[in-house]
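# Residue-level structural notes
For reference, the chains in residue letters:
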Amino acid sequence: MWSIPVPIPDNPLGHTLVHLLDTDRGPVLVDTGWDDPTAWDALVSGLAACGTSVSDVHGVLITHHHPDHHGLSAQVRDVSGAWIAMHAADAEVVRRTREAEPTRWLDYLAVKLAAAGAPEEHLAPLRAARAAGRTDALPGRRAAQPDRHITPGELLDLAGRRLRAIWTPGHTPGHVCLHLEEAHPAAGEGLRGHGRLFSGDHLLPGISPHIGLYEDPDDATVTDPLGDYLDSLERIAALDPAEVLPAHQYAFTDAPGRVRALLRHHEERLAGLRALLLGAPLTPWQLAEAMEWNRPWAEIPYGSRNIAVSEAEAHLRRLVKQGRAEPVPGTDPVAYQAM
């Protein structure tokens, strides 16, 4: 088993760790990296350093549909004929994104942001792009349709390996972690825990993944992504892997300890947001402006503000579900107050 850092263009994360797992039928990749020539060259050279090549790849396992994980999957399949597997919920996101009329996404995003309280100066570029038909830059439209679905709880069909899928929604609706149940090579040296875990973005050693709303213009179901994420963390803690192999940063041990830290972080953040709502009712946009990010709100780029508002909405939904906040009747856009 090897780890290959594949760069993400213009992104502070730096790279995606693509993992290579040998099987009796040939090498299998866990994620593939961003669809970019530099990333492709890094993947090709990384595989060569591991003594194999893209043409030898037998299969591709995708932890979730985001482009820094799934972006190069189509190119890998074109070269090697490998199958691509993904959880059905994220496969549906890929299908919907590929087949939807691009202007529909711009319309949906504009309406959604307006309902969250976004100011007119933020909405104007979306409307201008819609009017001019500038839709080529929308992400995900070239993403590969998977050939197989990853079924949670089942062992994957990998000859000579015991790799079990664990459904961990939150970051995306179909995010999966993959538990290599075989004994860790360092188990005889006192390393505690059970096997190794490919954790994707679900469990990272130094940051919490983005938890925003699951976007579907055709589905009005009120989801609770943050609740899904927190429940999924508990499942991984109970699994207690000896080592975690994430898609970003670095490998680490003590998954239960990291889970406890993340649970504390999100509880503290929910309590802090409720305190903000005690001061005055706020729209999701206003709450995002008041939240603590890695830089001041004025310095957050346009697209990242959309992501921040989605995260604020996910936290609001969790507070409402817990009975700690509620919408203020008659407000438009809807503002929320603490309970």
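Residues numbered from 1 in each chain as written. Predicted model: local features only at pLDDT ≥ 70, side-chain atom pairs only at ≥ 80, totals over all residues. Heavy atoms only, no water.

Before going further, it helps to spend a moment on the overall build of the protein chain. Broken down by element type, the protein chain carries ten helices and twelve strands. Rg of the C-alpha trace for the protein chain: 21 Å, near the compact-globule value of 20 Å for 339 residues, within the 12% margin. Summarising its shape, the C-alpha atoms of the protein chain cover approximately 60 × 50 × 35 Å along the three principal directions. Considering only contacts in the protein chain between residues 6 or more positions apart, those separated by 24 or more positions represent 67%. When the accessible surface of the protein chain is totalled, it reaches about 15100 Å², and 52% of it is carbon and sulfur. If the 30 positive side-chain charges of the protein chain are averaged to one point and the 45 negative ones to another, these points end up 3 Å apart. (Helix = DSSP H or I, 4+ residues; strand = E, 2+ residues; numbered from the N terminus. Rg over C-alpha atoms; globule rule 2.2 N^0.38 Å. Contact = heavy atoms within 4.5 Å. Areas by Shrake-Rupley, 256 points an atom, 1.4 Å probe, with all protein chains shown as cover. Lys, Arg positive; Asp, Glu negative; His and termini not counted. Charge placed at Lys NZ, Arg CZ, Asp CG, Glu CD.)

Reading across from one edge, β7-β8-β9-β10 is the order of the four strands in this open sheet, with mixed pairing throughout. In this open sheet, the two edge strands, each paired with only one partner strand, are β7 (163–167) and β10 (243–246). Neighbouring strand axes in the sheet, compared pairwise and without regard to direction, differ in orientation by 25 degrees on average. Helix α7 (residues 225–239) rests against β7, β8 (176–180) and β9 (196–200) of the sheet, and its axis sits at about 150 degrees to β7. (Pairing = 2+ DSSP bridges. Axes fitted to C-alpha atoms, helices over the stretch in contact; angles between N-to-C directions.)

The interhelical angle for the contact between helix α8 (residues 255–279) and helix α10 (residues 302–321), taken along N-to-C directions, is 85 degrees, at an axis separation of 10 Å. Classified by the angle their axes make, α8 and α10 are roughly perpendicular. Side by side, α8 and α10 meet where His 266, Arg 269, Leu 270, Leu 273, Arg 274 and Leu 277 of the first sit next to Glu 311, His 315, Leu 316, Arg 318 and Leu 319 of the second. Its residues placed into classes, the contact of α8 with α10 shows five nonpolar, two polar and four charged. (Parallel < 35°, antiparallel > 145°, perpendicular 65-115°, else oblique. Nonpolar A, V, L, I, M, F, W, Y, C, P; charged D, E, K, R; others polar.)

All right, on to the packing of aromatic side chains then. Within this structure, the stated rule accounts for two aromatic pairs. Summarising the aromatic geometry, the rings of Trp 105 and Tyr 108 are spaced 6.1 Å apart at their centres and angled 90 degrees between planes, so their arrangement reads as edge-to-face. Of this pair, Trp 105 and Tyr 108 both sit in helix α5 (residues 102–115), three residues apart, roughly one helical turn. Residue class for Trp 105 comes out buried when judged on its relative accessible area of 18%. (Phe/Tyr/Trp six-rings, centres within 6.5 Å; stacked < 30°, edge-to-face > 60°. Buried < 20%, exposed > 50% of the residue type's maximum accessible area, 1.4 Å probe, protein only.)

This brings us to the pattern of salt bridges. Within this structure, the stated rule accounts for 17 salt bridges. Here Arg 127 ties to Glu 120 by a salt bridge, and the two come within 2.7 Å at their closest N and O atoms. For Arg 127, a relative accessible area of 39% corresponds to the partly exposed category. A salt bridge links Arg 318 to Asp 224; the nearest nitrogen and oxygen atoms lie 2.6 Å apart. Here Arg 318, found in helix α10, pairs with Asp 224, found in the loop between β9 and α7; they are 94 residues apart in sequence, far enough to count as distant. Of the two residues examined, Arg 318 and Asp 224, each falls in the buried class. (Salt bridge = Lys/Arg side-chain N within 4 Å of Asp/Glu carboxyl O.)

Mapped onto the elements, Arg 192 comes out in the loop between β8 and β9. For the pair Arg 192 and Asp 254, spaced 62 residues apart in the sequence, the C-alpha separation amounts to 8.5 Å. In contact with Arg 192, other than residues within four places in its own chain, are Asp 240, Ala 242 and Asp 254.

Looking now at the packing of helix α6 (residues 120–132) against α10. Direction vectors running N to C along α6 and α10 enclose 115 degrees, while the axes themselves pass 12 Å from each other. Relative to α10, the element α6 is oriented roughly perpendicular. In this structure, the crossing between α6 and α10 has a hand that is left-handed. Residues His 122, Pro 125 and Leu 126 of α6 form the contact with α10, whose participating residues are Tyr 302, Arg 305 and Asn 306. Taken together, the residues that form the contact of α6 with α10 break down as three nonpolar, two polar and one charged. (Left-handed = near helix turned anticlockwise from the far one by under 90°.)

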